[in-house]
Amino acid sequence: MTEWPLPYAPFLRELEELLATLSHEELRRSVRAMGLAQPTDTRRVWLASVRAGAEPPRAPARDESLIADVEAFMARANRGDYAGDPSWSDIADALFARASRAYEAGHKDLVLATAGPLMRFFGDGKDACREALAEYESVLDAFVATDLTELKARYLRALYESLPADARAPRLLAETRALEFVGGSATLQVLLDADPSPLPDLESFLLSWEEALRAWEVDRTKHFDSHRRDSLLREVVQRREGLRGLHALAQSDATDRAEAYTELLRARHREGASKAELLAIAREALEAVTDGTERAGFADVVAGLAAATDDAVAEREARQTAFRAWPTVTRLFALAHPGTRGAREIFRAEAELYPKDPRGLDTIGALLFALAGQPLECAKALEEADTLGWSAPDHLGDLAFVATILYGLGDAPPAKTVVHHLWRSLDPAASGLWTPTPILEEAASARPSVADAIATSAREMVLTPSERHRLLTVAARVAERRLSMLGDQQRRRRYGHGAQLVVAAAEGLSLGGYEAEAAELIARVRAEHRYRPAVNRELNAAMAASSGAGVARVHPPARK
């Protein structure tokens, strides 16, 4: 299990509290257990560290050569001495670790003179570093073992204590922005956790820090920049004024309203606020935001809270708002579960309103047509859609393809067929079509089986034999076109998927009573790809996985 890192100051506090509760015998047992857990090759080092820790404390020696060593490293890197030489990361890591130890030793002037310039060398000059240092990209944390978030916090803390009160906020903001991509986020809490001693002049700094953040003019087209500033502003407002201040900030235009309302909802939820109060906040947020994904998220919350208070009308309206704001399979099934009374009418109404994607129908639209009892519309969109991009989790491909075959057959496919395998793979765990983690637990909704829903709708649909034949032939044409595109573009990794579609379409034709057309499809595909042995190998493998559908009797042509 991965745990969140414990910052320096909270760690020291918890350690002192723990030591204060242990008796002499308990402490002996604890140290002995840690010693016995040491591997053979580290036992001597561990014993030496315990002996050193038991000696009377001495003033830590000052690392006099650290400044010169940092300057020399940056000079060598700028000259290109490390081009093609990955040893730079070990050297940089050792310098970062020395700067961190200097802070623990109380030599904060060394931290200012070394940690700041060294981190800025990687933060500001990452383009130059990428050329000068072997394999360096932009995330320094991946190349060093030192906790750069903690070192950055220590540097900022040392900088804070070295500055006059009126210069702290603007200078720290500038440094925070310059070092944004070195280590984790330098929040106010990170600064407070950098040292066990209280931050001097905290109250006055909070006021000037908030003023500096409000004066920071962000470009809203640059999401990361605006997100970073808004996050820091919400943090300081909440620390100064509590949740009332956060609520007022959410109602203003000074920050990202959706994020502010989300934090407010979560905070009030943790405090045990009533469902009615949370519902009022969620409704206010829903009215305040305009982005589709954000509106959908808050509508999910409203729906969940309305359901918890047995308000069926409000829940239904919120579910509808959520789906129309940002359609997902989860929201569709929360709006109407297949098989329930009136579900098909709901799906049909949503299908009429659903926006058509200019690139071709997407997965949600295909599912709407299928569940609304409009398989011919689903098949039409499938045939018109581009055969590229089927591997994307939100593409219509397999879903519309399988739905078309199932409607053509009028039931779920038999086991041990390729189309049965594709049909079962439409379940939530394999689709990636579900809504992200909800804002509150109440917003979560059930995950019904997409596969079963399509089969149920197919069984209930009354189609003429010619309409069923049309659906099966559409699936065959789409599968053939898909495999041809893969072959022409030599997308070898997707040959297997294309072959599966062809065999599934042949199975559909065979099961529907059109065995001759199934044989013609396989023969035609083999002829087209006769010079692509990889395609034919995948086709043979897919046919070997099929039984009882007639396609296994269509053998590959004999070699001349």
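Residues numbered from 1 in each chain as written. Predicted model: local features only at pLDDT ≥ 70, side-chain atom pairs only at ≥ 80, totals over all residues. Heavy atoms only, no water.

1. So, a nonpolar patch on the surface
To keep things clear, this is the line we draw: Patch membership requires over 30% relative accessible area and the absence of a salt bridge. Like charges are linked within 9 Å, and nonpolar side chains (Val, Leu, Ile, Met, Phe, Trp, Tyr) within 5 Å. For the accessible areas, the method is Shrake-Rupley and the probe is 1.4 Å, while residue cover comes only from the protein chains on display. What makes a salt bridge here is a side-chain nitrogen of Lys or Arg within 4 Å of a carboxyl oxygen of Asp or Glu, nothing more. In this description a helix means any DSSP run of H or I spanning at least four residues, a strand means any run of E spanning at least two, and both kinds are numbered starting from the N terminus. Burial classification: accessible surface area is computed with a 1.4 Å probe over protein chains only, and a residue below 20% of its type maximum counts as buried, one above 50% as exposed, and the rest as partly exposed.
On the surface, a cluster of nonpolar side chains totalling about 690 Å² of accessible area is made up of Leu6, Phe11, Leu15, Leu18, Leu19, Leu27, Val31, Met34 and Val50. At the level of secondary structure, the elements contributing two or more residues to the nonpolar patch comprise α1 (8-21) and α2 (24-36). Residue contributions to the nonpolar patch peak at four residues, all from α1. Along the chain, the position of leucine 6 falls in the segment before α1. Overall, leucine 6 belongs to the partly exposed group, its relative accessible area being 43%.

2. Let's talk about the pattern of salt bridges
As a working rule, side chains carrying opposite charge can pair if their charged atoms are close by. In total, this model carries 31 salt bridges according to the counting rule given. The closest approach of N and O atoms between arginine 229 and aspartate 230, which form a salt bridge, is 2.9 Å. Overall, the relative accessible area of 2% leaves aspartate 230 in the buried class.

3. Some thoughts on the packing of helix α6 (residues 108-123) against helix α8 (residues 148-162)
Filter applied, for reference: Angles here are taken between N-to-C directions and fall from 0 to 180 degrees, while the axes themselves are lines fitted to C-alpha atoms, restricted in helices to the stretch in contact. Each angle receives one of four descriptions, namely roughly parallel if under 35 degrees, roughly antiparallel if over 145, roughly perpendicular if within 65 to 115, and oblique otherwise. By the definition used in this description, the sense in which the near helix is turned from the far one sets the handedness, with an anticlockwise turn below a right angle giving left-handed and a clockwise turn giving right-handed. When checking whether two residues touch, look at their non-hydrogen atoms; a contact exists if any pair is within 4.5 Å. In this classification, Asp, Glu, Lys and Arg are treated as charged, Ala, Val, Leu, Ile, Met, Phe, Trp, Tyr, Cys and Pro as nonpolar, and every other residue, Gly included, as polar.
Contact geometry of α6 with α8 gives a least axis separation of 9 Å together with a crossing angle of 125°. It follows that α6 is oblique to α8 by the angle criterion. Along this stretch, α6 crosses α8, giving a crossing that reads as left-handed. Every residue of α8 that contacts α6 at Lys108, Val111, Leu112, Ala115, Gly116, Met119 and Arg120 is listed here: Leu148, Leu151, Lys152, Arg154, Tyr155, Ala158, Leu159, Glu161 and Ser162. Partitioning the contact of α6 with α8 into residue classes produces nine nonpolar, two polar and five charged.

4. Concerning the confidence of the model for the chain
Do not read the fine detail of predicted coordinates wherever pLDDT is low. Heads up, the condition is: Values of pLDDT, which run from 0 to 100, indicate the predictor's confidence residue by residue.
Scored by pLDDT, the chain has a mean of 83; 86% of the residues are at 70 or more. Summarising per-element confidence for the chain, the mean pLDDT is lowest in helix α23 (residues 428-431) (44) and highest in helix α25 (residues 465-488) (94). pLDDT under 50 marks residues 429-434. Its contacts with residues more than four places away, or in other chains, come to 16 contacts. Low pLDDT (under 50) marks residues 554-560, which in the prediction has eight contacts with non-local residues, meaning those over four places away or in another chain.

5. Thoughts on the environment of alanine 366
Structurally, alanine 366 is set in helix α19 (residues 363-371). Once the C-alpha coordinates of alanine 366 and alanine 351 are considered, the two residues, 15 residues apart in sequence, prove to be 9.0 Å apart.

6. Quick word on the packing of aromatic side chains
Worth spelling out the cut-off: Within 6.5 Å between ring centres, the rings of Phe, Tyr and Trp (the latter by its six-membered ring) count as paired, and their orientation is classed by plane angle as stacked under 30 degrees, edge-to-face over 60, tilted in between.
Following the criterion strictly, the structure yields 11 aromatic pairs and no others. On the numbers, 6.4 Å between centres and 75° between planes, the contact of phenylalanine 73 with phenylalanine 121 is edge-to-face. Taken together, the positions of phenylalanine 73 in helix α4 (residues 66-79) and phenylalanine 121 in helix α6 put the pair 48 residues apart, joining distant regions of the chain. Of the two residues, phenylalanine 73 and phenylalanine 121, both sit in the buried class.

7. Observations concerning helix α9 (residues 165-178)
Note the following rule: Here a helix's expected span is defined as the number of its residues, less one, multiplied by 1.5 Å.
The terminal C-alpha atoms of α9, which comprises 14 residues, lie 21 Å apart, in line with the 20 Å expected from a rise of 1.5 Å per residue. Buried residues along α9 sit in contact with α6, α8, α10 (188-192) and α11 (202-215).

8. What to know about helix α20 (residues 375-384)
As a reminder of what qualifies: The arc in question is the one spanned by the directions pointing from the helix axis to the C-beta atoms.
Considered for burial, the residues of α20 that qualify are Pro375, Cys378, Ala379, Ala381 and Leu382. Along the axis of α20, the buried residues cluster in a sector spanning 165°; they form a single face.

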